[in-house]
Amino acid sequence: MRRFLLAGLALCLSAFAAGAATLDTITQHGNVRIGYVADEAPFSSSKPGARPVGYAIDLCGKIADGIERQVPQLKREYIEVTLANGFDAVKNGQVDLLCGAITVNLKRREIVDFSQPIFLTGATALLRKDSPGYLQTIFLEKPAVRPVSQRGASTRVIGVRASTTTGVTLREALATQVTKTKLADFDTHEDGLAALEDRRIDAYIADQVLLISLAKRARDPSSLEIGDRLFTHEPYAIAMRRNDADFRLLADRALTDFYLSDDFLPLLENYFGAEAPMLHTQIIMEHVPG
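So, a few notes on the structure that sits alongside this text. (Residues numbered from 1 in each chain as written. Predicted model: local features only at pLDDT ≥ 70, side-chain atom pairs only at ≥ 80, totals over all residues. Heavy atoms only, no water.)

## Focus on helix H8 (residues 165-175)
Line of reasoning, step 1. Looking at H8, one finds that the buried residues are Thr165, Thr166, Gly167 and Leu170.
Line of reasoning, step 2. Next to the buried residues of H8 lie helix H5 (106-109), strand E8 (123-128), strand E9 (157-161), strand E10 (182-186), strand E11 (203-207) and strand E13 (234-236). (Buried < 20%, exposed > 50% of the residue type's maximum accessible area, 1.4 Å probe, protein only. Helix = DSSP H or I, 4+ residues; strand = E, 2+ residues; numbered from the N terminus. Contact = heavy atoms within 4.5 Å.)

Laid out in structure tokens, this is it:
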């Protein structure tokens, strides 16, 4: 009987710990654990031995500032995760905030909760200027008249990063059609870029804002072009544990205060340049009213 009572007590204590409010856990340990995906510049990226940087990282920092007003001398711990394991890391309490180019959708909301939107974009293609003509027609508003690769019509391989909402959307679309087009999964955007430049794929599909940054890191950026037709709607947000309305309120309040401050537009200009005023308007329209 005593063994069963102890086992039951341990189970109850474990369940209580798993369900503890996020802010209580942060207060107990004196640190907030910020998870990030390293290959998502300009939202989150890192170099060996250096603290991660990026637009989403900065916004997670604003939330940490809000936490620090309630938890003095708060420490910030940055934990690298992947898209494949990041949401489980939030669910299991390994990280308190997940920062990056994180799209909100219903399937992910079964696992985690999200802050208000931090960015709005959509998926398109990164193409070589000699990519097959059918791809230029699909993704470019005004495809230029130029010689295109003749081998493209037979290969028809499109790359996408593994574990992304974009990859799921493409597979669902291709499943309903009779087509020779194949999808190739890549672990990182850099791997996808290399495959495009080496002609192993004809296009690399990702969110437009990520492709803009990725193309700048190409061996020859002038040989590439970015699609201007978007075929998905991708609202980004910061992921956190479910069933913790108080912590989400704290996060949304910190973001709203920052959005309405004079510092928000300069931050957008730092990461997105000339697009900043338009993005500023979009995000302000989507934010939670103060």
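## What about the pattern of salt bridges?
Line of reasoning, step 1. On inspection of all chains with the given rule, the structure shows 17 salt bridges.
Line of reasoning, step 2. A single network of salt bridges, built from pairs that share partners, joins Arg128, Asp130, Arg199 and Asp202. (Salt bridge = Lys/Arg side-chain N within 4 Å of Asp/Glu carboxyl O.)

## Observations concerning the state of the cysteines
Line of reasoning, step 1. Applying the stated criterion to the full structure yields one disulfide.
Line of reasoning, step 2. With a sulfur-sulfur separation of 1.7 Å, Cys60 is cross-linked through a disulfide to Cys99. Judged by the sign of its S-S torsion, about -100°, the cystine formed by Cys60 and Cys99 is left-handed. Separated by 39 residues along the polypeptide, Cys60 in helix H3 (residues 55-68) and Cys99 in strand E5 (residues 97-99) bring together distant segments of the chain. (Disulfide = S-S within 2.5 Å.)

## Brief notes about unusual backbone geometry
Line of reasoning, step 1. With an omega of 10°, the peptide bond between Ala41 and Pro42 qualifies as cis.
Line of reasoning, step 2. Take Pro42: it is sitting in the loop between strand E2 (39-40) and strand E3 (44-45).
Line of reasoning, step 3. A positive phi angle, near 60°, is found at Gln73, a position not held by glycine.
Line of reasoning, step 4. Looking at where Gln73 falls in the secondary structure, it is placed in the loop between H3 and strand E4 (75-81).
Line of reasoning, step 5. On the accessibility criterion, Gln73 (72% relative accessible area) is exposed.
Line of reasoning, step 6. Here Ser163, not a glycine, exhibits a phi torsion of approximately 70°, which is positive.
Line of reasoning, step 7. Considering the arrangement of structural elements, one finds Ser163 in the loop between E9 and H8.
Line of reasoning, step 8. Relative accessible area serves as the criterion here: at 43%, Ser163 is assigned to the partly exposed category.

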